[in-house]
Amino acid sequence: MATAESVRAGIEALLAEMDDLDPDTRRKIPDRSVSAWFPDLDVAWSGRFRSGTLVEVAEIDPAHRKAAQLKLELDSDTFLDVVEGRTDFAHAWARGQIKVDARLRDVWELRKFL
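This one's a predicted model, so the numbers in the text were calculated from it and none came from an experiment. (Residues numbered from 1 in each chain as written. Predicted model: local features only at pLDDT ≥ 70, side-chain atom pairs only at ≥ 80, totals over all residues. Heavy atoms only, no water.)

## Things to note about the overall build of the protein
A count of helical and extended segments in the protein gives five helices and five strands. The linear arrangement of helices and strands in the protein, starting from the amino end, is α-α-β-β-β-β-α-α-β-α. Among the 114 residues that make up the protein, the fraction classed as buried is 39%. Look at the contacts in the protein between residues 6 or more apart in sequence, and 56% of them connect residues 24 or more apart. With the model as given, the accessible surface of the protein reaches about 6,700 Å², and the carbon-plus-sulfur share is 52%. Once the 17 positive and 22 negative side-chain charges of the protein are each reduced to a mean point, those two points are 8 Å apart. (Helix = DSSP H or I, 4+ residues; strand = E, 2+ residues; numbered from the N terminus. Buried < 20%, exposed > 50% of the residue type's maximum accessible area, 1.4 Å probe, protein only. Contact = heavy atoms within 4.5 Å. Areas by Shrake-Rupley, 256 points an atom, 1.4 Å probe, with all protein chains shown as cover. Lys, Arg positive; Asp, Glu negative; His and termini not counted. Charge placed at Lys NZ, Arg CZ, Asp CG, Glu CD.)

What follows is the structure in structure tokens.
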């Protein structure tokens, strides 16, 4: 099991990766609030996709994660595997390692850039 610190580092790596996205990819990212809950650590993070950038990223009380429009639930190891390129988001989702709670249209939009 990963640690809360390694998840924090993974989020920072994800933010840096998103900074390098090309403008066409950025346009495909819908403006939505997002939360990620890591039940193995009982840690949650929230943020907002705005104009193709993830902003307002902060650790939150896991009880507040349900306010987001796009809610992710995954264990810390799966998150790090995705961020570090050892597994693909879509494959982890299809295998049930990542749970997504969102409107179908939002999921459809997100698949364009994941």
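Having seen the model, we can carry on.
## Side note on the packing of helix α1 (residues 4-19) against helix α3 (residues 76-83)
Contact geometry for α1 and α3: axes closest at 10 Å, N-to-C directions at 30 degrees. Relative to α3, α1 is oriented roughly parallel. Regarding α1 and α3, the two cross each other, and that crossing is left-handed. Note on element contacts: α3 touches α1 through Ser76, Phe79, Leu80 and Val83, opposite Ser6, Val7, Gly10, Ile11, Ala13, Leu14 and Glu17. (Axes fitted to C-alpha atoms, helices over the stretch in contact; angles between N-to-C directions. Parallel < 35°, antiparallel > 145°, perpendicular 65-115°, else oblique. Left-handed = near helix turned anticlockwise from the far one by under 90°.)

## Examining the environment of Val34
Within the element layout of this structure, Val34 appears in strand β1 (residues 32-38). Given a relative accessible area of 10%, Val34 falls into the buried group. Separated by 68 residues in sequence, Val34 and Ala102 have C-alpha atoms that sit 9.4 Å apart. Excluding anything up to four places from it in sequence, Val34 contacts Trp45, Ser46, Gly47, Arg48, Phe49, Leu54, Ala68 and Leu70.

## What to know about the nonpolar core
Ranked by size, the top nonpolar core spans 22 residues in total, and within it Phe38, Phe49, Leu72 and Phe79 carry the most contacts. Contributions of two or more residues to this core are made by α1, β1, β2 (43-50), β4 (70-74), α3 and α4 (89-94). (Core = buried A, V, L, I, M, F, W, Y, C linked by side-chain atoms within 4.5 Å.)

## What about α1?
Its 16 residues give α1 an end-to-end C-alpha distance of 23 Å, which sits within 8% of 22 Å, the value for a rise of 1.5 Å per residue. Residues of α1 that are buried include every one of Val7, Gly10, Ile11 and Met18, and no others. Seen end-on, α1 carries its buried residues on one side only, within an arc spanning 100 degrees. Turned more than 90 degrees from where α1 packs its buried face, Glu5, Glu12 and Asp19 sit exposed. Where α1 is buried, its residues touch α2 (23-28), β1, β2, β3 (53-60) and α3. (Expected span 1.5 Å × (residues − 1). Arc of directions from axis to C-beta.)

## Side note on the pairing of β2
Of the pairings in the sheet, the one linking β1 to β2 comprises seven bridges and is antiparallel in character. Paired with Arg32 across the strands is Phe49, a residue of β2. Following β1, the chain reverses through four residues before pairing antiparallel with β2; Asp42 in that reversal takes a positive phi of roughly 50 degrees. Bridging between β2 and β3 involves six bridges; their strand directions are antiparallel. Bridge pairing in β3 places Ala44 opposite Ile60. If you look at the hairpin formed by β2 and β3, you'll find two residues sitting between the two strands, and Ser51 has a positive phi there, around 50 degrees. (Pairing = 2+ DSSP bridges.)

Keep in mind these values describe shape, not function.
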